[in-house]
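Chains, contacts and geometry: an overview
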Amino acid sequence: MKVKAYAKVNLMLDILKKLDNGYHSLFMLMQSVDLYDIVSVEKNNKNKIYVKSNKDIVSDQKENIAYKSAEAFFEYTDIKDKGIDIYIEKNIPMAAGLAGGSADGAAVIYILNKIFNVNLSLKEMQSISNKVGADIPFSLQGGTAIALNTGDILADVNALPKSYFVLVKPDMDISTPEAYAMMDNLDRIRHLNRIEILSALSDCDYSKIVSLCANVFEQGVEVPERPYIKSIMRKSKADACLMTGSGPTVFGIFSDLSKAEICYEKLKGKYINTFLCKSTDKGIEEI
C-alpha cells in the first residue's frame, strides 16, 4: 500500500514553559501543505522490519522514525508477525521544521492499520504515535489544527482559507534540541497573541490570521539567510512570512497564486530546496 505523507508548517508557534521532564509545553497552529513524501509498506515473510529510502535516512534502522512507528504499532496491537518492508521516497527536506519524519511515521501507522485490518480509530493511532514523535498525531489528522503541550493535545479549528505557500530551506540544518537550548538561554521571550489568532480562526478572517502568524523561535535561533529570504517574500507581496518549527525553513503565505509563483521564481535559483505548494485538508492521502 502506498500513500502521500504531507508536510506541515506552523502558522503560529509559542513556547509556554519548560516541563519537568525536559520537554516544552507549546502552543502551535499547524497547517498541512501539499509537499509530500511517498511511503509504501508491504508485508514480508522474514518477521522483521526493513526501512529503505531514496535518501540517506536509514543508516541506523532502529533509530528511524518510520521503524519506531512500526514497532509502536505492533506493540500496541500485539501483532507477533512484524514482517514488513517500508520504502520512503523523500521529497520533504530533512531537519527543516516541516515534520517530514513525523509525516513518514504517521503514514506507516496509517498503512499498517489498513494492511493488518486492525480498524483502529484516529484517536487510537494518535495515541500510538504520541510515544514516537511530537508532530505525528497532527500528521495523522492533517488540515488546520491547534496542537498543545508536546503535540499530544489537538483541537480542530476552522480550516485556513485556500492559500499558497513558498517554502525555502537554506543550506543548513538545525538540531531541535539545540534550538530549544537556545530558547532556554534567552533572558526573556516575547510571547505571541494566541487569543487573537483563535478569534480570527473562529471568524475565518484570513487577513487577521496572517497578520498574527509568528514563530517565537525566531527570537533565539539564528538563521543567517532568513532576513534575505523574507525580504524577497515581502517584495513579492506575501501576506505573511515566518519560520516553521525550530527552523531553518522560511515560508511565505499568499492568497494570490500569481504572486506566489513570482516569489517562487525569484528564490528557486538561489536555494535548491524551494517549493511552491498549497494548503491541504489532510495529512495522509492514499495513492
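Worth saying up front: this structure is predicted, and the values here are computed from it rather than measured.

Another point: the overall build of the protein. For the protein, the helix and strand inventory stands at nine helices and twelve strands. Relative to its length of 287 residues, the protein is compact, with a C-alpha radius of gyration of 19 Å against a globular reference of 19 Å. For the C-alpha atoms alone, the extent of the protein along its principal axes is close to 55 × 45 × 35 Å. Taken across its 287 residues, the protein has 52% of its residues classed as buried. In the protein, 75% of the contacts between residues at least 6 apart in sequence involve partners at least 24 apart. Approximately 13300 Å² of the protein is accessible, and the part contributed by carbon and sulfur atoms is 46%.

This paragraph deals with the side chain of threonine 280. Along the chain, the position of threonine 280 falls in the loop between strand 11 (273-278) and strand 12 (284-286). In this structure threonine 280 touches Tyr6, Gln31, Ser32, Val33, Asp34 and Gly143, once residues within four positions along its chain are discounted.

In this section: the pairing of strand 1 (residues 2-18). Counting buried positions along strand 1 gives twelve out of 17 residues, so the element sits mostly inside the fold. Of the pairings in the sheet, the one linking strand 1 to strand 2 (residues 24-43) comprises 15 bridges and is antiparallel in character. Counted as the bridge partner of alanine 5 is aspartate 37 from strand 2. In this antiparallel pair of consecutive strands, strand 1 and strand 2, the connection spans five residues, and glycine 22 shows a positive phi of 95 degrees. Direction of pairing for strand 1 relative to strand 12: antiparallel, over a ladder of three bridges.

Time to look at the packing of helix 2 (residues 100-115) against helix 3 (residues 122-130). Running from N to C, helix 2 and helix 3 cross one another at 130 degrees; their axes reach a closest spacing of 10 Å. Comparing their axes, helix 3 and helix 2 come out oblique. Of the two elements, helix 2 crosses helix 3, and the hand of that crossing is right-handed. Taken together, the residues of helix 3 that come into contact with helix 2 (itself represented by Ile109, Tyr110 and Asn113) are Met125, Ile128 and Ser129.

Moving on, we get to the nonpolar core. Residues Val39, Phe74, Ile84, Ile86 and Leu112 are the most contacted members of the largest nonpolar core, which totals 33 residues. Looking at this core, the elements with two or more residues in it are strand 1, strand 2, strand 3 (49-53), helix 1 (65-77), strand 4 (84-89), helix 2, helix 3 and helix 4 (136-141). When residues in this core are grouped by element, the largest group, nine residues, is from helix 2. The residues contacting leucine 112, other than those within four sequence positions of it, are Val41, Ala70, Phe73, Phe74, Ile84 and Asn117. Core analysis: the next-biggest nonpolar cluster, separate from the first, contains 30 residues, Ile92, Leu212, Leu242 and Phe275 among them.

Attention now goes to the state of the cysteines. Applying the stated criterion across every chain, the model contains zero disulfides. The thiol of cysteine 204 is unpaired, and the distance to the nearest cysteine sulfur, on cysteine 213, comes to 14 Å. For cysteine 204, a relative accessible area of 41% puts it in the partly exposed group. In this structure cysteine 277 is not part of a disulfide, and its nearest cysteine sulfur, from cysteine 263, lies 12 Å away. For cysteine 277, a relative accessible area of 6% translates into the label buried.

Cut-offs and rules
- Residues numbered from 1 in each chain as written.
- Predicted model: local features only at pLDDT ≥ 70, side-chain atom pairs only at ≥ 80, totals over all residues.
- Heavy atoms only, no water.
- Helix = DSSP H or I, 4+ residues; strand = E, 2+ residues; numbered from the N terminus.
- Rg over C-alpha atoms; globule rule 2.2 N^0.38 Å.
- Buried < 20%, exposed > 50% of the residue type's maximum accessible area, 1.4 Å probe, protein only.
- Contact = heavy atoms within 4.5 Å.
- Areas by Shrake-Rupley, 256 points an atom, 1.4 Å probe, with all protein chains shown as cover.
- Pairing = 2+ DSSP bridges.
- Axes fitted to C-alpha atoms, helices over the stretch in contact; angles between N-to-C directions.
- Parallel < 35°, antiparallel > 145°, perpendicular 65-115°, else oblique.
- Left-handed = near helix turned anticlockwise from the far one by under 90°.
- Core = buried A, V, L, I, M, F, W, Y, C linked by side-chain atoms within 4.5 Å.
- Disulfide = S-S within 2.5 Å.

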